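These are the residues of each chain, in order.
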Amino acid sequence: ESAGLEVAQLTYSLPAVLAGAAEEGLFFDFAQDSPRASQKRVEGLSERRALVIDAGGLSTDVGLFVDGQLQASATLSWGGMSCATAIAKELRISVEQAMTRVLEGATCRQPDVRRFLQDRWASIQQAIEQVLQDQPRPDAALVGGRAGLMDGFVEWVERTTEHKDASRYSPP
């Protein structure tokens with residue numbers, strides 16, 4: 001039994017999370033070295049409170065699911081590709097180079113990029129606070145989309161949601 005949140009890293013979109021995770025409660029445990037290392041069943045996820053953060057290419061969604069049903073949500077009008085485009089214009093580099101820097105996340109060597117991403121992450125924090133307003137703390141936090149690939153983002157979610165011991169999962 002865990003007293004804190006479980007933070008999961010997903011590689012599928014929010015609809016896939018709903019269709020797979022909420023219905024089945026099945027996730028695959030991913031070791032950082034091996035993408036299909038082992039299976040792990042998370043019992044009763046569909047009967048728990050889950051915070052889902054799904055950062056796609058053009059938008060970022062934050063949702064609270066209770067018993068597999070969406071209870072509250074917020075959508076931000078930016079995602080990984082729109083961040084990369086803005087960084088490319090600002091730094092006068094290609095979008096591909098900018099996307100590499102976006103995926104470097106908190107470890108990017110360029111302070112301007114780190115500040116840009118920190119501003120975006122702050123807006124996600126505000127969305128999380130809005131979604132969780134007057135709600136009990138969720139049992140799990142699931143990170144999906146490109147944000148799950150950003151270096152340091154899952155750890156940032158752990159700190160933001162006050163969770164200290166995260167596991168990474170991906171839906172079937």
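Residues numbered from 1 in each chain as written. Predicted model: local features only at pLDDT ≥ 70, side-chain atom pairs only at ≥ 80, totals over all residues. Heavy atoms only, no water.

A word on the overall build of the protein chain. Helix and strand counts for the protein chain stand at five helices and eight strands. The order of α-helices and β-strands along the protein chain, N terminus first, is β-α-β-β-β-β-β-α-α-α-β-α-β. Counting the 172 residues in the protein chain, one finds 45% classified as buried. Pairs at least 24 residues apart make up 62% of the contacts formed inside the protein chain by residues separated by at least 6 positions. (Helix = DSSP H or I, 4+ residues; strand = E, 2+ residues; numbered from the N terminus. Buried < 20%, exposed > 50% of the residue type's maximum accessible area, 1.4 Å probe, protein only. Contact = heavy atoms within 4.5 Å.)

Turning to the pattern of salt bridges, a few remarks are in order. The full count for this structure, using the stated rule, is one salt bridge. One salt bridge in this structure joins Arg115 and Asp112, with 2.4 Å as the shortest N-O distance. Of this pair, Arg115 and Asp112 both sit in helix 4 (residues 111–132), three residues apart, roughly one helical turn. Look at Asp112 and you get partly exposed, because its relative accessible area is 47%. (Salt bridge = Lys/Arg side-chain N within 4 Å of Asp/Glu carboxyl O.)

Among all positions in helix 3 (residues 95–104), only Ala98, Met99 and Val102 are buried. Down the axis, helix 3 shows its buried residues gathered within 105° of arc, on one side only. Elements in contact with the buried residues of helix 3: helix 2 (80–91) and helix 4. Just downstream of helix 3 lies Gly105, where phi reads positive at about 50°. (Arc of directions from axis to C-beta.)

Taken as a whole, this structure holds three aromatic pairs when the rule is applied. Cation over ring: Arg120 sits above Phe116, and NZ or CZ is 3.9 Å from the ring centre. (Phe/Tyr/Trp six-rings, centres within 6.5 Å; stacked < 30°, edge-to-face > 60°. Lys NZ or Arg CZ within 6 Å of the ring centre and 35° of its normal.)

Burial of nonpolar side chains together is a common tendency in soluble globular proteins. In terms of nonpolar packing, the biggest core is built from 34 residues, with Leu51, Ile53, Val62, Val102, Ile124 and Phe153 touching the most fellow members. Residue assignment for this core shows that the elements contributing at least two residues are strand 4 (49–55), strand 5 (60–66), strand 6 (69–76), helix 2, helix 3, helix 4, strand 7 (140–145) and helix 5 (153–160). The leading source of residues in this core is helix 4, at nine residues. Leaving out residues up to four positions away in the same chain, Phe153 has contacts with Ile53, Trp121, Ile124, Val143 and Ala147. (Core = buried A, V, L, I, M, F, W, Y, C linked by side-chain atoms within 4.5 Å.)

The element strand 7 is extensively covered by neighbouring structure, given that five of its six residues are classed as buried. Where strand 4 and strand 7 come together, six bridges link them in parallel fashion. By the bridge assignment for strand 7, Leu51 is matched with Ala141. (Pairing = 2+ DSSP bridges.)

Our focus in this paragraph is helix 5. Within an α-helix, residues lying three or four positions from one another point in the same direction, as the helix has 3.6 residues per turn. Of all eight residues that make up helix 5, six are buried, and the element is covered over most of its length. Listed as buried for helix 5 are Phe153, Val154, Trp156, Val157, Glu158 and Thr160. Of the residues trailing helix 5, Glu162 is marked for its positive phi of about 60°.

A few words now on the confidence of the model for the protein chain. On average, residues of the protein chain score 75 in pLDDT, and 67% of them reach the 70 mark or higher. In this model residues 165–172 is a low-confidence stretch, pLDDT under 50, and it forms 40 contacts with partners more than four residues away in sequence or in other chains. (pLDDT = per-residue confidence, 0-100.)

This paragraph deals with the packing of helix 2 against helix 3. Viewed as axis vectors pointing N to C, helix 2 and helix 3 meet at an angle of 115°, and their least axial separation amounts to 8 Å. For the pair helix 2 and helix 3, the sense of crossing is right-handed. Only Val95, Ala98, Met99, Arg101 and Val102 of helix 3 make contact with helix 2, whose side of the interface consists of Gly80, Met81, Cys83, Ala84, Ile87, Ala88 and Leu91. Along the lines of polarity and charge, the residues of the contact of helix 2 with helix 3 split into ten nonpolar, one polar and one charged. (Axes fitted to C-alpha atoms, helices over the stretch in contact; angles between N-to-C directions. Left-handed = near helix turned anticlockwise from the far one by under 90°. Nonpolar A, V, L, I, M, F, W, Y, C, P; charged D, E, K, R; others polar.)

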